[in-house]
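Descriptive analysis of the structure
Okay, here's what each chain looks like letter by letter:
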Amino acid sequence: QVDKTLQKVEQSLFDGSAPAPPKVGSADKLPVGERPNSEVLKRTEAAGYPKPTDASAEVDLAGQLKAAEDKALRLEQLLEAATAREAVSSSERRVLRKQLDETEQLVSGLSQQLDSVQSEAAEQRRQCEALEKALEEATQPQDRGTEQLQNRIAELEAELQSLRHLGVKAASAPLEALSAA
């Protein structure tokens, strides 16, 4: 219940909707255990409080006053604590905001670097593909030329072989004629 009251007090303080505190003069403050003077009694009657008629009523009124003062003191302490928490929260919020801004700048810088690297990689990939295509085109005619040369070499070797075979027969024919004679 105290937390709810504190939240209401904090909200009214931050909203600016808090009522102005009543002005309390020195005559309004009543030390605990002392009997109220006639002026204080008149004000309590005007505020709707009954006029004490005997000593027990005065003691009861003094007890209520003491309880109200204790409650006011506690609320002041709670208000101070809430104000201190708000100051700490505000400070933490500023630090976190600064960290967030720095992180956003870092992320932005890294994103730009990543975009740049990806762009360079794409360009290098295009260059590599172009070089591979050029290499393939350059090696295809060479392969065809090599194949044609190998075929021609095979043809020439076959001709040479057949000429050798014919040459051996032609050379051996005069020897045979000589040996027969």
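Look a little higher up for the structure.
These notes cover the structure that comes with them. (Residues numbered from 1 in each chain as written. Predicted model: local features only at pLDDT ≥ 70, side-chain atom pairs only at ≥ 80, totals over all residues. Heavy atoms only, no water.)

**Observations concerning the overall build of the chain**
On a plain count of helices and strands, the chain comes out with 3 helices and 0 strands. Counting from the amino terminus, the chain carries its helices and strands in the arrangement α-α-α. Counting the 181 residues in the chain, one finds 7% classified as buried. Element-wise, carbon and sulfur atoms account for 57% of the exposed surface of the chain, whose accessible area totals about 15,400 Å². (Helix = DSSP H or I, 4+ residues; strand = E, 2+ residues; numbered from the N terminus. Buried < 20%, exposed > 50% of the residue type's maximum accessible area, 1.4 Å probe, protein only. Areas by Shrake-Rupley, 256 points an atom, 1.4 Å probe, with all protein chains shown as cover.)

**Examining the pattern of salt bridges**
Summed over all chains, the structure comprises 4 salt bridges. Close ionic contact of Arg 126 with Glu 123 constitutes a salt bridge, the shortest N to O distance being 2.9 Å. Here the residue Arg 126 and the residue Glu 123 both occupy positions in helix H3 (residues 55–180), the gap between them amounting to 3 residues, near one helical turn. Here Glu 123 falls in the partly exposed class, since its relative accessible area comes to 34%. Ionic pairing is found between Glu 155 and Arg 152, a salt bridge with its closest N-O pair at 3.2 Å. Taken together, the positions of Glu 155 and Arg 152, both in helix H3 and 3 residues apart, correspond to about one turn of that helix. Overall, Arg 152 belongs to the partly exposed group, its relative accessible area being 43%. (Salt bridge = Lys/Arg side-chain N within 4 Å of Asp/Glu carboxyl O.)

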